[in-house]
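Letter by letter, the chains look like this.
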4 protein chains.
Amino acid sequence: MLAKFSRSIQALVGSRINALRRASQGNRINISGVYPPITTPFDAGSGRVSYEKLEHNLKRWYSLPFRGLVVHGSTGECVLLSADERLEIVRRVKSSLPDDKLLIVGAGQESTQATIEFATQSAKAGASAVLVVTPCFYKGRMTADALEKHFARVADESPVPVILYSVPGNTGVDLPADVAIRMSAHPNVIGMKDSGGEIAKIGYVVHKTRQYGFQVLAGSAGFLLPSLQVGAVGGVCALANTLGAEVCRLQELHEKGDAKEARNLQRRLIAPNAGVTKRFGIAGVKASMEWFGLYGGPVRSPLLPLTEGELSELRKIFTEEGF
Amino acid sequence: MLAKFSRSIQALVGSRINALRRASQGNRINISGVYPPITTPFDAGSGRVSYEKLEHNLKRWYSLPFRGLVVHGSTGECVLLSADERLEIVRRVKSSLPDDKLLIVGAGQESTQATIEFATQSAKAGASAVLVVTPCFYKGRMTADALEKHFARVADESPVPVILYSVPGNTGVDLPADVAIRMSAHPNVIGMKDSGGEIAKIGYVVHKTRQYGFQVLAGSAGFLLPSLQVGAVGGVCALANTLGAEVCRLQELHEKGDAKEARNLQRRLIAPNAGVTKRFGIAGVKASMEWFGLYGGPVRSPLLPLTEGELSELRKIFTEEGF
Amino acid sequence: MLAKFSRSIQALVGSRINALRRASQGNRINISGVYPPITTPFDAGSGRVSYEKLEHNLKRWYSLPFRGLVVHGSTGECVLLSADERLEIVRRVKSSLPDDKLLIVGAGQESTQATIEFATQSAKAGASAVLVVTPCFYKGRMTADALEKHFARVADESPVPVILYSVPGNTGVDLPADVAIRMSAHPNVIGMKDSGGEIAKIGYVVHKTRQYGFQVLAGSAGFLLPSLQVGAVGGVCALANTLGAEVCRLQELHEKGDAKEARNLQRRLIAPNAGVTKRFGIAGVKASMEWFGLYGGPVRSPLLPLTEGELSELRKIFTEEGF
Amino acid sequence: MLAKFSRSIQALVGSRINALRRASQGNRINISGVYPPITTPFDAGSGRVSYEKLEHNLKRWYSLPFRGLVVHGSTGECVLLSADERLEIVRRVKSSLPDDKLLIVGAGQESTQATIEFATQSAKAGASAVLVVTPCFYKGRMTADALEKHFARVADESPVPVILYSVPGNTGVDLPADVAIRMSAHPNVIGMKDSGGEIAKIGYVVHKTRQYGFQVLAGSAGFLLPSLQVGAVGGVCALANTLGAEVCRLQELHEKGDAKEARNLQRRLIAPNAGVTKRFGIAGVKASMEWFGLYGGPVRSPLLPLTEGELSELRKIFTEEGF
């Protein structure tokens, strides 16, 4: 089975030994819990990353019972950042990160080699694990085989554990359940973030990967509770940038077995969550952050700020649910 | 608000009074529970509907704790039946139906008028309620407004309560949550069957329609438990044709609060469910029915029977999960 | 190769002999030219089919150099008609049809058997050929193999020649080029109407079917000229209901070799064509017919009439191009 | 109307004057003709860009009557190259480029600012014009308004003319005709490459932009002739990497008015073109290049090389059409 992951026997000897060594050193970190995929604050005047505003937000986020932070998820406008900005943000977050929090870094690129390089740099800069999205530009050729080879190579070489990432709404590529299941046997692949929201798929992946302790994270607060109920261990939720306490409380209620309260809270989170994802995107996340004392700030072009009408529509969605 | 549902004041006076009268007579029947969308048995030789085999299957299904049966759902090959066959099947099922079971009949047609007529005939033939799918041939014109007017007219005229039906995998039309929410205020619309499987949508519709007691049914055993957990009241599940006892047990475990057993069972049902829906369709349902002593029989053309290879693949899926 | 089209040797002997006999009797009718897929006129008061208005429109259409008429194409609201209405319309059109015009009747149903029956009835009522759309409700199962078997059975049994019909915008099923190419060898399949508009596919099908004299019709005035230029023989164009003379003139200019005038006319037709198809659908066709002295009338529910705003937008599109 | 393209009056004064000055200096270069979107040759051992092999291929391409070359189109694996590699390739091609050939460089990035920067660097490195693809990662937010603002900013700032680029098969975003039409008024936007292949859209864009001399290039050899016939001025065709002489001959036949020969050649090119695009992608282009004395070489991961079976299938497609 090992052979499945390697290009050649030669590569196998070196990299697999490394991977297995890493694994034996306890790579199977526990990633259970809630994470905000943090937004990147830009200065309203210069358009540059504002590390000051980032510190401001980090302080707030550190005060919440998150398991950690995800840097350079889709919500972080990572594809609109330069390579230097990306690394610098990782370093800054790491420098203030409390010891008990994880730092998961989005490292996926279109190229396998570039992904390996960014994963390596992220690890040096302090990443606890890397999130690797499905490549997508050549979507017609992203067969199960191509995806599997890509993830296997990255996992072979990454100094830190790999979390697979499926976000078909952005990429147009839905990571097939079978690929996730096969990859779960790789010693350096510890889990998956699924933003597609097909709950049967999430349950099936959990079911078929239990032997390897594969950990699934819901990719949205819109289906966090159902995901936990079928066996996911947590969530990476754009809405947690804004309503972090509430999203954490949802997982807590679930773990305490308070099904009724959990259900009520889950239902109230659906519309605000849709508001800051499908409906209004990152500009919606940033606008709503401002209402709660965090710094939102502008989005980078080609993304557009919300219009007045959109803003009041979003505000209405939040207030209708009591937030 | 009533006006919203009616074409004109004139139509309103007559039909709304009827609808309200029906409503006051207890139209809000409780549809909580599990239903098989029953397959239509065809004679292997003549290709005709076999009422004898139907009786055979009905006996088995009546012995299970189903809330009722759905006749002429997508799994019933309804679009491959003649109008006469459709009505005759309703009558036959009604004639043997135990008093405590509901008979829900798929009545949706492309034309609003034809839907009203078939709903009326179905009611006469014994339907407890009708399932009305979104029209779909002119999908580019099936705006929220068009769908709402269609459902409102049908609900105005149907002698029995209406259950909305969204099955985008077949129709290419996803009934928008907002349309379902607005329709929930209609006195003759009692619920919705959702086969799309977007769990956040199901939770949101439940959340926004509680005031009217709108009842949501999951359209698949693949996401029955998550649906119940966000507030659905049951499911119409193709897999219940074959594994009826297990699907009923899933809802029972949920209602008893046995979360762990429920979760385990839910997970085991996902792959067999996918096998008889997305993967192999109705031919898969019918093939699997044979293994459990029910009559499956042939599918109607243009549907094709499973190949030997597909059959053994399906069998493997069932046995791997212990069924 | 004959075997490919038949379910069994037995069926083959009978039906193929029939098919071959029909073929030898000159089934390969020449369908080159332009056809309006005629709208079905409904009485504004009763909502019934108005045969009087139909006669009015037919007179106008007969005065144009159409090759014939298509009855019960997508534009004819065929899925909103009862079986009786469908047949009666065929009979009425046939009774007044000039001898030199063809009458092509849309006969496709979800069920193979029902399609054969309607094709047979249509032939008796006067159809010169039948148009058979891809079945689509069980779209996940409409594999190349399933489509091929469906078309082959219909072609085996139809008393008049079969024209395949691909209209993915409505059906969600794109008839694969390879299926069309294989079906072109069937003696009772004479061509294809393609409304998908992928010009490379049209050219490829023409290229690979020349040996059988397979005749391709463009399914829209939006790409009639490019289709003719790659070898199509004509078009079935919703816009020809309204601008019949212009659409006929486009083919005439092409045949005369007047490339420049043809190109200019083609370009001017694109926006009005989009207006009565993708943009506003059948209600748009009917509204525009009124401006040119034809009877448009209402559409059947669930289709909606155009709003005032839509009407003036459509009118602007026509006037901007000088129509 | 100028205001439409600018963020603020201030930005307008500076950049518009620049743009208009550039325009008055003859920015409206004539881009009529055929271009290969050249593949990037990688060394089979090291995986690095092989500039030697690039020179080998360039010599061959320069000997053909191409109007120029496109560097960093989708076929160039541009998303799999580092920023340094991208610029170096532009410089190398420029250094050997004959004076009468154009060098069009793909400069589109997800970020507006990064696109402007790469366009500026490309211009310095010798680009005659830049090709700017629609951003696509945040596809749900890529409204007409967002796309228009993105293109306008890039066009305002780019030192060389801008060609819009729509390739929905890769990006999942189809550049709307109306956006292209509005952008055609910008003095620094000279045309569009359309790989979507909807011929009515191409004809419509040509029709509505004639006043500004907007130049449309077909994005594929599969629909080059139909595009020329509705008014496109040339094509950027992956197949021209391999069958450059034949693709150039197709445009030549069209221009000479030899409709029959052009049609025959167009039809023969469709299947080989599909083979190296939709069917087998870049690995197919590279494999076929080897057959004709060019260097193909490996593709970069996550792309996979063709299997033996795929290779012989591709070869069969070419030989069946006589290539």
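Residues numbered from 1 in each chain as written. Chains lettered and ligands numbered in written order. Predicted model: local features only at pLDDT ≥ 70, side-chain atom pairs only at ≥ 80, totals over all residues. Heavy atoms only, no water.

### With respect to the packing of helix α12 (residues 281–291) of chain C against helix α13 (residues 308–320) of chain C
Residue and element names in this part refer to chain C. Following both chains from N to C, one finds α12 and α13 inclined at 60 degrees, their axes separated by 11 Å at the closest point. In terms of axis orientation, α12 runs oblique to α13. The hand of the α12/α13 crossing is right-handed. Two secondary-structure elements touch here, α12 through Gly284, Ala287, Ser288 and Trp291 and α13 through Leu311, Leu314, Arg315 and Phe318. (Axes fitted to C-alpha atoms, helices over the stretch in contact; angles between N-to-C directions. Helix = DSSP H or I, 4+ residues; strand = E, 2+ residues; numbered from the N terminus. Parallel < 35°, antiparallel > 145°, perpendicular 65-115°, else oblique. Left-handed = near helix turned anticlockwise from the far one by under 90°. Contact = heavy atoms within 4.5 Å.)

### Focus on helix α10 (residues 244–256) of chain A
Residue and element names in this part refer to chain A. When the terminal C-alpha atoms of α10 are compared, their 18 Å separation across 13 residues agrees well with the 18 Å that a helix rising 1.5 Å per residue should span. If you check which residues of α10 are buried, you get Gly244, Val247, Cys248, Leu250, Gln251 and Leu253. Tucked into the core, α10 has its buried residues touching β1 (33–35), α9 (224–230), β8 (234–236) and α11 (259–279). Downstream of α10 by a residue or two, Gly257 has a phi angle that is positive, lying close to 85 degrees. (Expected span 1.5 Å × (residues − 1). Buried < 20%, exposed > 50% of the residue type's maximum accessible area, 1.4 Å probe, protein only.)

### Observations concerning the relation of the copies chain D and chain A
Overlay of chain D on chain A (RMSD 0.0 Å): rotation 180 degrees, translation along the axis 0.0 Å. The superposition of one copy onto the other is thereby described by a two-fold rotation axis. Scanning chain D for the C-alpha nearest the rotation axis identifies Gly172(D), at a separation of 3.5 Å. A shared binding surface is used by both copies, with 100% of the interface residues of chain D retained as interface residues in chain A. (Least-squares fit on C-alpha atoms with pLDDT ≥ 70 in both.)

### With respect to the state of the cysteines
In total, this model carries zero disulfides over all chains according to the counting rule given. Take Cys78(B): it sits in no disulfide, and the sulfur closest to it among the cysteines is that of Cys136(B), at 11 Å. (Disulfide = S-S within 2.5 Å.)

### Let's talk about the UniProt feature "binding site: pyruvate" (unreviewed entry) in chain A
Residue and element names in this part refer to chain A. In this structure's numbering, the residues bearing the UniProt feature "binding site: pyruvate" (unreviewed entry) are Thr75 and Val236. With the annotated positions falling across 162 residues, the maximum pairwise C-alpha distance of 10.3 Å places them together in a single cluster. Among the structural elements, Thr75 can be located in the loop between β2 (68–71) and α3 (83–96). Among the residues examined, Thr75 registers a relative accessible area of 11% and is labelled buried. What Thr75 contacts, discounting residues up to four positions off in sequence, is Pro37, Ile38, Thr39, Ala238, Asn241, Ile282 and Val285. (UniProt positions renumbered as here; feature names shortened; annotations may be inferred.)

### Thoughts on the nonpolar core
Ranked by internal contacts, the top residues of the largest apolar core, which has 388 residues, are Val93(A), Val93(B), Val93(C) and Val93(D). Non-local contacts of Val93(D), meaning those with residues more than four positions away in its chain, are made with Ile38(D), Leu54(D), Leu58(D), Tyr62(D), Leu69(D), Val71(D) and Leu103(D). (Core = buried A, V, L, I, M, F, W, Y, C linked by side-chain atoms within 4.5 Å.)

### A look at the sheet that holds strand β7 (residues 215–218) of chain D
Strand-to-strand pairing in sheets goes through backbone hydrogen bonds, with the strands running parallel or antiparallel. Residues and elements named next belong to chain D. A sheet is described by the order of its strands in space; here eight strands give the open sequence β1-β8-β7-β6-β5-β4-β3-β2, paired in parallel fashion. Only two strands of the sheet have a single partner each, and these edge strands are β1 (33–35) and β2 (68–71). Across the sheet, the axes of successive neighbouring strands diverge by a mean angle of 25 degrees, strand direction being ignored. Of the pairings in the sheet, the one linking β2 to strand β3 (residues 102–106) comprises four bridges and is parallel in character. Of the residues in β3, the one forming a bridge with Gly68 is Leu102. The strands touched by helix α8 (residues 199–208) within the sheet are β5 (162–166), β6 (189–194) and β7, with β6 carrying the most contacts at an inclination of about 170 degrees. (Pairing = 2+ DSSP bridges.)

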